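Close look at the chain arrangement
Spelled out, the chains give:
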Amino acid sequence: MQPAVRDQQSADIMDELRALNARFIHNFVTNDVASHDAILHPGFISIWPTGQRWDRATYLKYWATAFDPEV
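Model, not experiment: these values are computed from the prediction.

**Examining helix 3 (residues 56-63)**
Taken together, the buried positions of helix 3 are occupied by Arg56, Tyr59, Leu60 and Trp63. In a view along the axis of helix 3, the buried residues occupy a sector of 95 degrees, so they form one face of it. Facing away from the buried side of helix 3 by over 90 degrees, the exposed positions are Ala57 and Lys61. If you follow the buried residues of helix 3, they end up packed against helix 1 (3-30), helix 2 (33-39), strand 1 (45-47) and strand 2 (53-55).

**Comments concerning the side chain of Arg56**
Tracing the chain through its elements places Arg56 in helix 3. At 2.4 Å, the side chain of Arg56 forms a polar contact with the backbone oxygen of His41. Excluding residues that lie within four positions of it along the chain, Arg56 makes contacts with Asp37, Leu40, His41, Pro42, Gly43 and Phe44.

**Looking at a nonpolar patch on the surface**
A cluster of nonpolar residues, Ile13, Met14, Leu17 and Leu20, forms a patch on the protein surface that exposes about 350 Å² of accessible area. Mapped onto the secondary structure, Met14 falls in helix 1.

Reading the values: rules and limits
Residues numbered from 1 in each chain as written. Predicted model: local features only at pLDDT ≥ 70, side-chain atom pairs only at ≥ 80, totals over all residues. Heavy atoms only, no water. Buried < 20%, exposed > 50% of the residue type's maximum accessible area, 1.4 Å probe, protein only. Helix = DSSP H or I, 4+ residues; strand = E, 2+ residues; numbered from the N terminus. Arc of directions from axis to C-beta. Contact = heavy atoms within 4.5 Å. Polar contact = N/O pair within 3.5 Å; in protein donor to acceptor, adjacent residues only side chain to side chain. Patch = residues over 30% accessible without salt bridge, like charges linked within 9 Å, V, L, I, M, F, W, Y side chains within 5 Å. Areas by Shrake-Rupley, 256 points an atom, 1.4 Å probe, with all protein chains shown as cover. Salt bridge = Lys/Arg side-chain N within 4 Å of Asp/Glu carboxyl O.

Following this line, the structure appears as C-alpha cells:
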C-alpha cells in the first residue's frame, strides 16, 4: 500500500472516530438513549472497574439517567 493511501485511510478513520466520540458525548449529555443504542455493538456488555458486568438493557437503563448536569 502506498504511504499516501495509508495516510489518507488513517485520517479517514480518525475523522470517523472523532465523529463517533462526539456523538457519544452528545448522546450522554442529552440522554438520547435511542441514538446511543444505535452505536453499540449488538453483543455489548458493560464491564465496570469492579469487574461487574451489565447486559445491554441494564446498561442502557442506567445510561439514560447517568448524566447529572449539576456534577
